[in-house]
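# What the coordinates show
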Amino acid sequence: VQLVESGGGLVQPGGSLRLSCAASGFTFSSYGMSWYRQAPGKERELVASISRGGGGTNYGDSSKGRFTISRDNVKSTVYLQMNSLKPEDTAVYYCNAVRGVDNYWGQGTQVTVSS
């Protein structure tokens, strides 16, 4: 099982980034997918989640209205479009796949929002 995040980097406040998470080694379309983030000294928090078919989404309070989660079950990839980024969005962003007791994590990608 692999979850490989990409798309992180340094961006100025107000800018945008699109994160990708490429999955392999499991039946992607059978798993709910989520993005979490963890800033230094803070607990890991939910950013957004999406149902297996993509019809249902859920967002953390800090990302509502600015971030959009989507998935492509043909490409086995989940995305996170992040707009209007703020310095407080700086964190390592992790991709997560869940189905029942199966719970997989990626290695994370760093997002830094700074001028």
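Before reading further, recall that the structure is shown in the block above.
Residues numbered from 1 in each chain as written. Predicted model: local features only at pLDDT ≥ 70, side-chain atom pairs only at ≥ 80, totals over all residues. Heavy atoms only, no water.

## Digging into the packing of aromatic side chains
- Taken as a whole and judged by the stated rule, the model has five aromatic pairs.
- Relative to Tyr31, the ring of Phe26 lies with its centre 4.7 Å away and its plane at 65 degrees, an arrangement referred to as edge-to-face.
- For Phe26, a relative accessible area of 15% gives the class buried.
- Here the basic side chain of Arg44 rests over the ring of Tyr94, its NZ or CZ set 3.8 Å away from the ring centre.
- In this structure, Arg71 is placed above the aromatic ring of Phe28, and the distance from its NZ or CZ to the ring centre is 4.4 Å. (Phe/Tyr/Trp six-rings, centres within 6.5 Å; stacked < 30°, edge-to-face > 60°. Buried < 20%, exposed > 50% of the residue type's maximum accessible area, 1.4 Å probe, protein only. Lys NZ or Arg CZ within 6 Å of the ring centre and 35° of its normal.)

## Notes on the state of the cysteines
- Across all of its chains, the model carries one disulfide by this definition.
- Between the sulfur of Cys21 and that of Cys95 lies a disulfide, 2.1 Å long from S to S. Given an S-S torsion of about -85 degrees, the disulfide between Cys21 and Cys95 has left-handed geometry. Highlighted residues: Cys21 in strand 3 (residues 17-24) and Cys95 in strand 9 (residues 91-99), separated in sequence by 74 residues. You'll find Cys21 and Cys95 in the same group, each marked buried. (Disulfide = S-S within 2.5 Å. Helix = DSSP H or I, 4+ residues; strand = E, 2+ residues; numbered from the N terminus.)

## A few points about the pattern of salt bridges
- All chains considered together, the criterion is met by five salt bridges.
- As a salt-bridge pair, Asp89 and Arg37 come within 2.9 Å of each other at their nearest N and O atoms. One end of the pair, Asp89, is in the loop between strand 8 (77-82) and strand 9; the other, Arg37, is in strand 4 (residues 32-38), and 52 residues separate them in sequence. As far as the burial class goes, Asp89 and Arg37 line up, both buried.
- One salt bridge connects Asp102 with Arg99, and the closest N-O pair in it is separated by 3.9 Å.
- Taking relative accessible area as the criterion, Asp102 reaches 26% and is therefore assigned partly exposed.
- For Arg99, a relative accessible area of 41% corresponds to the partly exposed category. (Salt bridge = Lys/Arg side-chain N within 4 Å of Asp/Glu carboxyl O.)

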